[in-house]
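Coordinates in review
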Amino acid sequence: MIVFFFLMIALVVVVAAVTLAVIGGGSEAVLPEAEPDRVADGLPETRPVVRADIDALRLPVAPRGYRMAEVDDVLERLAAELAERDARIAQLTAAAAGPAGPAEEAGHVDLTKDGER
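Residues numbered from 1 in each chain as written. Predicted model: local features only at pLDDT ≥ 70, side-chain atom pairs only at ≥ 80, totals over all residues. Heavy atoms only, no water.

1. Some thoughts on the overall build of the protein
Helix and strand counts for the protein come out as 4 helices and 2 strands. When the helices and strands of the protein are placed in sequence order, the string is α-α-β-β-α-α. Taking all 117 residues of the protein together, 10% fall into the buried category. The contacts in the protein between residues at least 6 apart in sequence include a share of 42% that link residues at least 24 apart. Here the protein displays about 10500 Å² of accessible surface, and carbon together with sulfur accounts for 64% of that area. (Helix = DSSP H or I, 4+ residues; strand = E, 2+ residues; numbered from the N terminus. Buried < 20%, exposed > 50% of the residue type's maximum accessible area, 1.4 Å probe, protein only. Contact = heavy atoms within 4.5 Å. Areas by Shrake-Rupley, 256 points an atom, 1.4 Å probe, with all protein chains shown as cover.)

2. Considering the packing of aromatic side chains
The geometry of two aromatic rings is summed up by the distance between their centres and the angle between their planes. Applying the stated criterion across every chain yields a total of 1 aromatic pair. Ring plane angle 65° and centroid distance 5.9 Å describe the contact between phenylalanine 4 and phenylalanine 5, whose orientation is recorded as edge-to-face. The partly exposed category is assigned to phenylalanine 5, whose relative accessible area is 47%. (Phe/Tyr/Trp six-rings, centres within 6.5 Å; stacked < 30°, edge-to-face > 60°.)

3. Observations regarding helix 1 (residues 2-23)
If you check helix 1, its first and last C-alpha atoms are 32 Å apart, about what 22 residues at 1.5 Å a residue would give, namely 32 Å. Counting buried positions along helix 1 yields 0 of 22 residues, so the element is predominantly exposed. (Expected span 1.5 Å × (residues − 1).)

4. Remarks on helix 3 (residues 68-97)
Along its 30 residues, helix 3 runs 43 Å from first to last C-alpha, staying within 8% of the 44 Å computed at 1.5 Å per residue. All of the buried residues along helix 3 are Glu70, Val74, Leu78 and Glu81. Lining the buried residues of helix 3 we find helix 2 (51-56).

5. Thoughts on the pattern of salt bridges
Side-chain pairing between opposite charges can occur once the charged atoms of the two side chains come close. Evaluated as defined, the whole model comprises 2 salt bridges. Residue arginine 77 pairs with glutamate 45 through a salt bridge whose shortest N-O separation is 3.6 Å. Of this pair, arginine 77 sits in helix 3 while glutamate 45 sits in the loop between helix 1 and helix 2; the two residues are 32 residues apart in sequence, bridging distant segments of the chain. A residue is classified by how much of its surface remains accessible, and glutamate 45, at 67% relative accessible area, is exposed. A salt bridge links glutamate 81 to arginine 77; the nearest nitrogen and oxygen atoms lie 2.8 Å apart. (Salt bridge = Lys/Arg side-chain N within 4 Å of Asp/Glu carboxyl O.)

6. Focus on the nonpolar core
Membership of the largest hydrophobic core is limited to 5 residues, which are Leu43, Val49, Leu57, Val74 and Leu78. When near neighbours in sequence (up to four residues on either side) are disregarded, leucine 78 contacts Leu43, Val49 and Ile54. (Core = buried A, V, L, I, M, F, W, Y, C linked by side-chain atoms within 4.5 Å.)

7. Observations regarding the confidence of the model for the protein
With 69% of its residues at a pLDDT of 70 or more, the protein shows a mean pLDDT of 75. The element-level mean pLDDT for the protein is lowest in helix 4 (residues 102-105), coming to 49, with helix 1 highest at 89. (pLDDT = per-residue confidence, 0-100.)

8. Re the side chain of glutamate 81
Mapped onto the secondary structure, glutamate 81 falls in helix 3. Classification of glutamate 81 as buried rests on a relative accessible area of 15%. A polar contact of 2.8 Å, which involves the side chain of glutamate 81, links it to the side chain of arginine 77. Residues within four places of glutamate 81 in sequence aside, it is in contact with Arg47, Pro48 and Val49. (Polar contact = N/O pair within 3.5 Å; in protein donor to acceptor, adjacent residues only side chain to side chain.)

Below, the structure written as C-alpha cells:
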C-alpha cells in the first residue's frame, strides 16, 4: 500500500512538472513566435524577373509539402513574364531583319561583281 501512495505522489509530481514546462513558469514566452509561411523574398513587382531572383526564391513548405497555391502563383507570374519576353524578342528580331529584297526572299544572293556571271 505504501508503494501505491509513493507511485501516486510521483505521478502527480511528474504531471505538474510537465504542465509547468509546457505552460511556462515566467513572463517570457517559452517558444518563439511562429513566422508566417508566406514567400518571404518573393518576385519583384516593379521590374522584370532576373535569374538571381529565381535563385533566391524560397517557397514555403507546408506540413505535406509545398503550398500549391503559392507555387501556382509564382509559376503563373514566371510564365506570363516569359511569354512577354518571347513576344518582345520576336518583335525586335523582326524589326532588326527589316524588309528583305526580292532576291533575298527567294533565297538567291548575287555575289558576283556588278551582277556579272
